[in-house]
Structures are given as C-alpha cells and as structure tokens.
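# Topology and contacts: notes
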Amino acid sequence: MFADLHLHTFFSDGTFSPEEVVAHGKQLGFACLALTDHDTVEGCDRMAAACATEHIEFIPGSELTAEFGDHELHILGYGFDTKHPHLLSELAKFQSVRQNRIREMVARINELGTPLNVDEVFALANCRAPGRPHVARALVKAGLCASLDEAFELFLKKHRPAWVPKAKMSALEAITLIHEAGGLAVMAHPGLNRCDEVIPELVKAGLDGIEVYHTKHTNNTAAHYLNITKQYGLLVTGGSDCHGLSKGKPLIGGIKLPIHYVHKLQQALAKRRETSNTK
Ligand code: AMP
Ligand code: ZN
Ligand code: FE
Ligand code: FE
C-alpha cells in the first residue's frame with residue numbers, strides 16, 4: 001500500500017486533469033493520492049470525486065511558494081478545509097501575483113525581440129495560477145523556442161533575462177495559514193532548495209513534516225532528511241511532483257510512499273482539527 005502526496009494538474013502548471021491523474025494512480029495501484037497544485041485548491045473537489053470512484057484515499061492540498069530570508073521554499077499544505085475563507089483569499093492574492101508576473105515576463109521576452117503574444121500564454125495556461133512552464137510551452141507552441149529546456153535556458157531560469165522574481169508569502173505566514181485552515185505544513189523537496197539552516201526556525205514556527213522522498217532526491221538526500229525528521233520528530237512525506245508527461249512518460253509511480261506514513265499524517269491531522277475545534 002503506497003501513496004503519492006505531490007501531484008499537479010492543469011489547475012496550475014500540470015497538464016493532466018484531476019481525473020487523468022487519478023486514472024494513472026489507479027493503474028499504478030496507489031492507495032492514497034494528494035493534490036498539491038501551486039497556489040490553488042481548485043482541482044481538489046474533482047480529484048476527491050475521482051478518487052472516491054476508484055476507492056483511493058484522497059488528501060486535499062496545495063504547494064505554496066514562500067520565502068525565508070533570501071531562500072525561496074515551497075511549503076505543502078495537507079488536509080485543510082479547501083473552503084476556508086482566509087486560505088482562499090490568500091491564494092487569490094498569490095494567483096494575481098502569478099498573472100501579473102506572466103505579463104511582466106512576456107514583456108521582457110518581447111523587449112528581447114521575441115514576439116510572444118501574452119494572450120496566447122493565458123489561453124494555453126487557462127488557469128488562475130499560471131507559471132513559467134506555461135510561458136515555456138507557449139514559446140515552443142509558437143515556434144519561438146525549440147524545446148521547454150531551451151525556453152528556460154534562454155529566458156526563464158533564475159537570473160535569465162526574462163526571469164521575474166515572484167512576490168511570496170513568508171514561510172512562517174504559510175505555516176500559520178495552513179494551520180489556521182486546519183491543515184499540516186510540510187517542507188517540499190528540501191534537497192532542491194538546500195537551505196537546511198532554516199529548518200530549526202520553521203520547526204519553531206510549527207512545521208509539521210518534511211518531504212523526504214521526491215523524484216529529484218537521491219537516496220543519500222532522502223536518508224539525510226529522514227534523519228532530520230527523526231531529530232525534530234517531524235512527519236515524513238513523499239511524492240513524485242508529477243506535472244504530466246515528462247520526456248514522454250508521467251513521473252507518477254516513481255515515488256511510492258509507504259502507507260504507514262499517511263496514517264501518521266492522518267493522526268496528526270485529527271489532532272490538529274481537535275485543537276482548532278476547541279479554540
Ligand atoms: P514558477 O512557479 O512560475 O516559478 O514555476 C516553477 C515551476 O517551473 C516548477 O514547479 C517546475 O515545474 C518548473 N521549472 C522550474 N525550473 C525549470 C527548468 N529549468 N526547466 C523546466 N521546468 C522548470
Ligand atoms: Zn510546478
Ligand atoms: Fe516545488
Ligand atoms: Fe510541485
């Protein structure tokens with residue numbers, strides 16, 4: 001019995017519908033899936049329905065872009081109330097940040113002499129939480145870049161000419177917001193952000209867990225973060241971070257989180273809900 005707790009759909013920068021993600025999960029034999037689209041929970045109702053049909057346990061979630069000092073980090077929220085007003089108003093704020101950033105990035109690409117039409121980017125993205133992958137896909141679709149990699153290399157990677165920094169909530173605010181909505185806050189793919197020094201501060205702020213298992217973590221990286229979870233008594237999570245097809249095949253299936261970690265997570269969630277109900 002396994003889980004994948006890090007998945008994206010076309011409600012952010014993934015390409016699959018919630019139903020397609022669940023179909024893949026079913027075929028691979030997953031017992032539990034979580035949806036973690038960037039800065040939105042819009043796909044959760046559809047994903048919950050599709051999981052119910054397939055008898056797969058579903059955990060609603062979202063991946064929030066946050067900052068701590070100079071570091072960008074991603075905080076995964078799990079099991080919160082997806083209709084929580086403050087959660088939704090904060091998400092809406094960061095969705096509009098994302099939309100404005102797309103306009104700014106395309107303006108820079110245009111200034112560099114590449115005639116990308118911003119309306120085509122929004123039409124292709126067709127969601128409230130667009131991101132750099134949509135700009136890259138639009139560049140390829142318009143024949144202005146040969147590949148997504150080329151689009152990132154030429155324009156979109158950090159510090160490349162069309163890269164625009166994104167206004168983010170602080171990691172501490174993200175943790176508080178997730179808790180307020182009844183959820184658990186987990187540090188996503190720490191092996192990609194490499195800022196272990198912030199972990200003690202995040203733990204003090206209430207961080208609940210660390211994503212130990214991730215497509216881009218080596219075995220050594222996972223072992224390192226597993227140790228850190230033991231040191232601080234944190235939950236262990238893992239997921240593929242599947243965004244659709246990657247080089248012809250989906251990443252879902254590459255990470256199989258043993259279900260006992262999900263049981264721990266469910267226990268922690270029940271406890272969180274108990275305490276928020278008594279407040
Ligand atoms: P954004 O949230 O707009 O900053 O975009 C971040 C997303 O872009 C990540 O979740 C990845 O899916 C994707 N991404 C980031 N860097 C690259 C890269 N070098 N090549 C391809 N995709 C990337
Ligand atoms: Zn993404
Ligand atoms: Fe991420
Ligand atoms: Fe992700």
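Use the structure listed above.
These lines cover the structure that appears in this document, whether it is placed above or below. Every value quoted in this text rests on a predicted model; they were computed, and no experiment measured them. (Residues numbered from 1 in each chain as written. Chains lettered and ligands numbered in written order. Predicted model: local features only at pLDDT ≥ 70, side-chain atom pairs only at ≥ 80, totals over all residues. Heavy atoms only, no water.)

### Digging into the packing of helix α1 (residues 18-27) against helix α2 (residues 44-53)
Heads up, the rule is: Interaxial angle, 0 to 180 degrees, is taken between N-to-C directions of lines fitted to C-alpha atoms, where a helix line uses only the stretch in contact. Secondary structure counts use DSSP, requiring at least four H or I residues in a row for a helix and at least two E residues in a row for a strand, with both numbered from the N terminus. By the definition used in this description, the sense in which the near helix is turned from the far one sets the handedness, with an anticlockwise turn below a right angle giving left-handed and a clockwise turn giving right-handed. Contact between two residues is taken to exist if any of their heavy atoms lie within 4.5 Å; hydrogens are not considered. In this classification, Asp, Glu, Lys and Arg are treated as charged, Ala, Val, Leu, Ile, Met, Phe, Trp, Tyr, Cys and Pro as nonpolar, and every other residue, Gly included, as polar.
It is at 8 Å that the axes of α1 and α2 come closest, and there the two elements cross at 35°. Between α1 and α2 the crossing geometry is right-handed. Counting all contacts with α1, which are made through Pro 18, Glu 19, Val 21 and Val 22, the residues of α2 involved are Arg 46, Met 47, Ala 50 and Cys 51. Classifying every residue of the contact of α1 with α2 gives six nonpolar, no polar and two charged.

### Overview of unusual backbone geometry
Positive phi, close to 55°, is recorded for Asp 39, a residue that is not glycine. As for its position among the elements, Asp 39 is in the loop between β2 (32-35) and α2. At His 189, a residue that is not glycine, the phi angle is positive and equals roughly 20°. Considering the arrangement of structural elements, one finds His 189 in the loop between β6 (184-187) and α8 (190-193).

### Details of the site of ligand 1
Short version of the rule: By convention in these notes, a residue is near a molecule or strand provided one of its non-hydrogen atoms lies within 4 Å of it. N or O atoms within 3.5 Å of each other form a polar contact, as long as, within protein, one can give a hydrogen and the other can take it, and as long as residues adjacent in sequence are counted only when both atoms are side-chain atoms. Where accessible areas are quoted, they stem from the Shrake-Rupley method and a 1.4 Å probe; at the residue level, only the protein chains shown are allowed to cover.
If you check the shell around ligand 1, you find Asp 13, His 38, Arg 98, Arg 101, Gly 131, Arg 132, Pro 133, Phe 152, Lys 157, Lys 166 and His 243 and nothing else. Taking Arg 132, its main chain carries an N or O atom lying 2.8 Å from an oxygen atom of ligand 1. Residue Lys 166 places a side-chain N or O atom 2.9 Å away from an oxygen atom belonging to ligand 1. In the complex, 72% of the free accessible area of ligand 1, which totals 500 Å², lies under the protein chains. Its residues assigned to classes, the shell around ligand 1 shows two nonpolar, three polar and six charged.

### Notes on the coordination of the zinc ion (ligand 2)
To keep it simple, the criterion reads: Each metal's donors comprise the N, O and S atoms found within 2.8 Å of it (within 3.2 Å for Na, K or Ca). Water is not part of the atom list, so some coordination spheres may appear incomplete. With a 1.4 Å probe rolled over the protein chains alone, any residue whose accessible area is under 20% of its type maximum counts as buried; one over 50% counts as exposed, and the rest are partly exposed.
Within the protein, Asp 13 (OD), Asp 13 (OD), His 38 (NE2) and His 243 (NE2) serve as the donor atoms for the zinc ion (ligand 2), at 2.0 to 2.6 Å. Along the chain, the residues donating to the zinc ion (ligand 2) are arranged with the sequence spacing D-x24-H-x204-H. For the pair the zinc ion (ligand 2) and the iron ion (ligand 3), the metal-to-metal distance amounts to 6.0 Å. Of this pair, Asp 13 sits in the loop between β1 (2-4) and α1 while His 38 is found in the loop between β2 and α2, placing the two residues 25 residues apart along the sequence. Considered together, Asp 13 and His 38 belong to a single accessibility category, that of buried residues.

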